[in-house]
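# Residue-level structure breakdown
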Amino acid sequence: NKSNWGSILGISWSKLKLSSSLLPELSLANFRPSTSLNIGIFYNWVLSRNLSKLSIYNELLYKSYLAKDNDYQYPIFNYTIKDIQFQMKYIKLNTMFRYQFQTKKIKPYVGIGISNGLAISSKNYLIDQRASSTVKREATEIRKHEQGIL
């Protein structure tokens, strides 16, 4: 076994669900699912010939999603939401330590690692209508960095 690299192409499906005490109308929103294309590259660095089952696997990915909700009335808040939208585009670096099982045909593996994402673009807004006025405003502040365990 030796180190290798390649490209990654995939589809992701996301459904956004929010909860907010500052903007409770976001908790009531029913966002439509978002399907998006993910593209990237990977590099799998095999640690040594003697330890060919162990490697450090890195992925650099471009990911995006779009979540929308339209035309909902909130009588308890006395207004109607005309449109809520969250659109995120980000670059993500996943790094894992992997152990690959040696079998004849398929090569399953187990891994553990960390994920870091950096927002390169984020748009979010909420258009609400109270009585006779319509207001477009930022729905919420969005973090520019995310981190997770793989």
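One structure accompanies this document, and this report is about it. Values in this document were obtained by computation on a predicted structure and should not be read as measured data. (Residues numbered from 1 in each chain as written. Predicted model: local features only at pLDDT ≥ 70, side-chain atom pairs only at ≥ 80, totals over all residues. Heavy atoms only, no water.)

With that out of the way, let us pick up the overall build of the protein chain. A tally of regular secondary structure across the protein chain gives one helix and seven strands. The secondary structure elements of the protein chain, listed N-terminal to C-terminal, are β-α-β-β-β-β-β-β. Relative to its full complement of 150 residues, the protein chain shows a buried share of 31%. Of the roughly 10200 Å² of accessible surface on the protein chain, a fraction of 57% belongs to carbon and sulfur atoms. (Helix = DSSP H or I, 4+ residues; strand = E, 2+ residues; numbered from the N terminus. Buried < 20%, exposed > 50% of the residue type's maximum accessible area, 1.4 Å probe, protein only. Areas by Shrake-Rupley, 256 points an atom, 1.4 Å probe, with all protein chains shown as cover.)

This part is about the pattern of salt bridges. In total, this model carries one salt bridge according to the counting rule given. One salt bridge in this structure joins K92 and E146, with 3.4 Å as the shortest N-O distance. With a gap of 54 residues between them, K92 in strand β4 (residues 79-100) and E146 in strand β7 (residues 145-149) connect regions that are remote in the sequence. Since its relative accessible area comes to 13%, K92 is described here as buried. According to the relative accessible area criterion, E146 is partly exposed, its value standing at 29%. (Salt bridge = Lys/Arg side-chain N within 4 Å of Asp/Glu carboxyl O.)

Turning our attention to the side chain of S55. Position of S55 relative to the elements: it lies in strand β3 (residues 54-74). Taking relative accessible area as the criterion, S55 reaches 6% and is therefore assigned buried. Side chain to side chain, S55 and N44 meet in a polar contact 2.8 Å long. Setting aside its immediate chain neighbours within four residues, S55 contacts N44, W45, V46, L47, M96, F97 and R98. (Polar contact = N/O pair within 3.5 Å; in protein donor to acceptor, adjacent residues only side chain to side chain. Contact = heavy atoms within 4.5 Å.)

Before going further, it helps to spend a moment on the packing of aromatic side chains. Aromatic ring pairs are defined here through the distance separating the ring centres and the angle between the ring planes. Tallied over the entire structure, the rule returns three aromatic pairs. Taking the centre distance of 5.1 Å and the plane angle of 80° together, the rings of Y99 and F101 count as edge-to-face. Its relative accessible area of 37% is what places F101 among the partly exposed residues. One cation-aromatic arrangement involves R98 over Y109; the distance from NZ or CZ to the ring centre is 3.6 Å. (Phe/Tyr/Trp six-rings, centres within 6.5 Å; stacked < 30°, edge-to-face > 60°. Lys NZ or Arg CZ within 6 Å of the ring centre and 35° of its normal.)

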